[in-house]
Amino acid sequence: MAKSATTPYLLLANIGQLATMRGENPPRRGPALEEVGLVKDAAVLCGGGKIIAADRQREILRHPWLKKNRRKVVEIDCRGGLVLPAFVDCHTHPAFAAPRLIDFEKRIAGASYEEIAAAGGGIRSSLAGVRQATRRELSERVFTALQAMLAQGTATVEAKSGYGLTTEDEIKSLEAIRDAGRRWPGTVFSTLLAAHVVPPEYAGRVDQYVAKVCDEIIPLVAREKLAQSVDVFCERGAFTLEQSQKVLDAGRRQGLDTRAHVCQFTPSELQGLLAFQPASLDHMDCVRDEDVSLLARSETVAVLLPAANYFLGHREYPNARRLLDSGVALALATDYNPGTSPTPSMPFVISAACTHMRMTVPEAISAATINAACALRLQARKGSIEPGKDADLALFDVSDHREIAYWFAWNRCVQMIVLGQKV
Ligand SMILES: [Zn+2]
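Residues numbered from 1 in each chain as written. Predicted model: local features only at pLDDT ≥ 70, side-chain atom pairs only at ≥ 80, totals over all residues. Heavy atoms only, no water.

Glancing now at unusual backbone geometry. The omega torsion across P26 and P27 is 5°, close enough to zero to call that bond cis. Even without being glycine, R79 reaches a positive phi, approximately 50°. With respect to the secondary-structure elements, R79 resides in the loop between β4 (73-77) and β5 (82-85). Residue classification places R79 among the exposed residues on the basis of a relative accessible area of 74%. (Helix = DSSP H or I, 4+ residues; strand = E, 2+ residues; numbered from the N terminus. Buried < 20%, exposed > 50% of the residue type's maximum accessible area, 1.4 Å probe, protein only.)

This is the structure in structure tokens:
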């Protein structure tokens, strides 16, 4: 891989706590989410962009490879800090042109999400900005967001289109994501979200828009290899279950992975979506009881996005405990977007998951690393610190992993290692 061509050998030494997140058969469910694979007084050896070894420092210093190659190795003194696998932010919308300040003020004055959308705000109000922006301008926006995510511990990001909603503007958004991803040291996973809402020019002709997405946009994006998965917003005011199924079916027929925004404001019957074996179902604020066990038996990861609840001023958060205690594989993500969650911070999301959804800190860290990697089907490379995996590591100037959730809105990430490189 070009990004790791000049990778040096790195030794992260003097790690106070190393949360490896190692374990069998991810995604993790139930009690397995509590295991962070903690090693105290640890060190990590990286080479060729990969983890070579991660263990107690005294074991690492005796490692035969290190003995042979000591002079080639660059050492990083972690000064007793905490090292985690870099976060995987498995749900973001970075391809937008401007913040949505009018929506923000209206909401503070008491308007609901749906009232704002009905008044011409919401997702549709981001369309004009994206349609007018050049690919380069959008790409700059995406890159700025990726850099902000990286600074807070994230090295893998799922990035969606969805504010263009014409063939050319969705393509432009995905190209902007690709351009930004090429400059960025981390890994970008791109998703086509042409079925975000119905654009105004298709008002009253929703099925015709769905047909355009399925017959024109998805095949073109697949042919140009501009996205790895297809997403749909299955919600009142966006797309019905039947329309959503058409979108996922079209994606799957083109060889793309599938995922969906569902159960954010109104419950939806999940069986019809799980039939497509989506990699993830996201939001899941109001899942019906009868669907929880279906979800627990599936390989699909439920991605919870508590920063959106926070920013929307909701008193209610997704019922993480019910999902966790039923054996659903849970992940966490920022949902970075201009309307409902303008934050790049996975540590903030972890903190909100603990304080507002009663997840334990180890559960939240598992959900932000290894399970989030599963939500992108990247668990073979990402989400834990194990030999052979990508050397994506985040160093924090704290001595205990529980501090990640404790110091909220305070960035304690002091060093990132991405594909074995100090960045
Ligand atoms: Zn979203």
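Read on, since the account is not over.
Bringing the coordination of the zinc ion into the picture now. The reference angle at a metal is 109.5 degrees if four donors form a tetrahedron and 90 or 180 degrees if six donors form an octahedron. Every protein donor of the zinc ion is accounted for by H91 (NE2), H93 (NE2), H261 (NE2) and D335 (OD), and the metal-donor separations fall at 2.0 to 2.5 Å. For the zinc ion, the four donor atoms in the first shell make angles of 82 to 169° at the metal, a pattern classed as irregular. In the primary structure, the donors to the zinc ion are separated according to the pattern H-x1-H-x167-H-x73-D. Here the residue H93 occupies a position in the loop between β6 (87-92) and α3 (101-108), and D335 occupies one in the loop between β13 (330-332) and α14 (346-357), the gap between them amounting to 242 residues. H93 sits in the buried class, given a relative accessible area of 3%. (Donors = N, O, S within 2.8 Å, 3.2 Å for Na, K, Ca; no water. Tetrahedral: all angles 85-135°; square planar, octahedral: opposite > 155°, others 65-115°.)

Over the atoms, a rolling probe the size of a water molecule traces out where space has been left empty. Throughout the structure, instances matching the rule amount to four cavities of 30 Å³ or more. What the largest cavity holds in volume is close to 120 Å³. Around the largest cavity, the lining comprises 14 residues; the ones closest to its centre are Y113, I123, H196, N337 and T340. Each residue belonging to the lining of the largest cavity can be placed in one class, and the counts come to four nonpolar, eight polar and two charged. By volume, the second largest cavity amounts to about 70 Å³. (1 Å grid on protein atoms, 1.4 Å probe; cavity = no way out; pocket = protein on both sides within 12 Å on 5 of 7 lines; lining within 4 Å. Points joined across faces, edges and corners; volume = space filled by probe spheres on them. Nonpolar A, V, L, I, M, F, W, Y, C, P; charged D, E, K, R; others polar.)

This paragraph deals with helix α7 (residues 167-183). A rise of 1.5 Å per residue sets the reference length of α7, with its 17 residues, at 24 Å; its end C-alpha atoms lie 25 Å apart and thus fit the reference within 8%. Counting buried positions over the 17 residues of α7 gives 12, a clear majority of the element. Against the buried residues of α7 lie α5 (127-132), α6 (135-151), β7 (154-160), β8 (187-195) and α8 (206-223). (Expected span 1.5 Å × (residues − 1). Contact = heavy atoms within 4.5 Å.)

This paragraph deals with a nonpolar patch on the surface. Together, L101, F104 and I108 make up a nonpolar patch on the protein surface, roughly 310 Å² of accessible area in all. With respect to the helices and strands, F104 occurs in helix α3. (Patch = residues over 30% accessible without salt bridge, like charges linked within 9 Å, V, L, I, M, F, W, Y side chains within 5 Å. Areas by Shrake-Rupley, 256 points an atom, 1.4 Å probe, with all protein chains shown as cover. Salt bridge = Lys/Arg side-chain N within 4 Å of Asp/Glu carboxyl O.)

Within the secondary structure, F408 is located in the loop between α17 (403-406) and β15 (413-418). Linking F408 and F348, residues 60 residues apart in sequence, is a C-alpha distance of 5.7 Å. With residues near it in sequence (within four places) discarded, F408 still touches F348 and S351.

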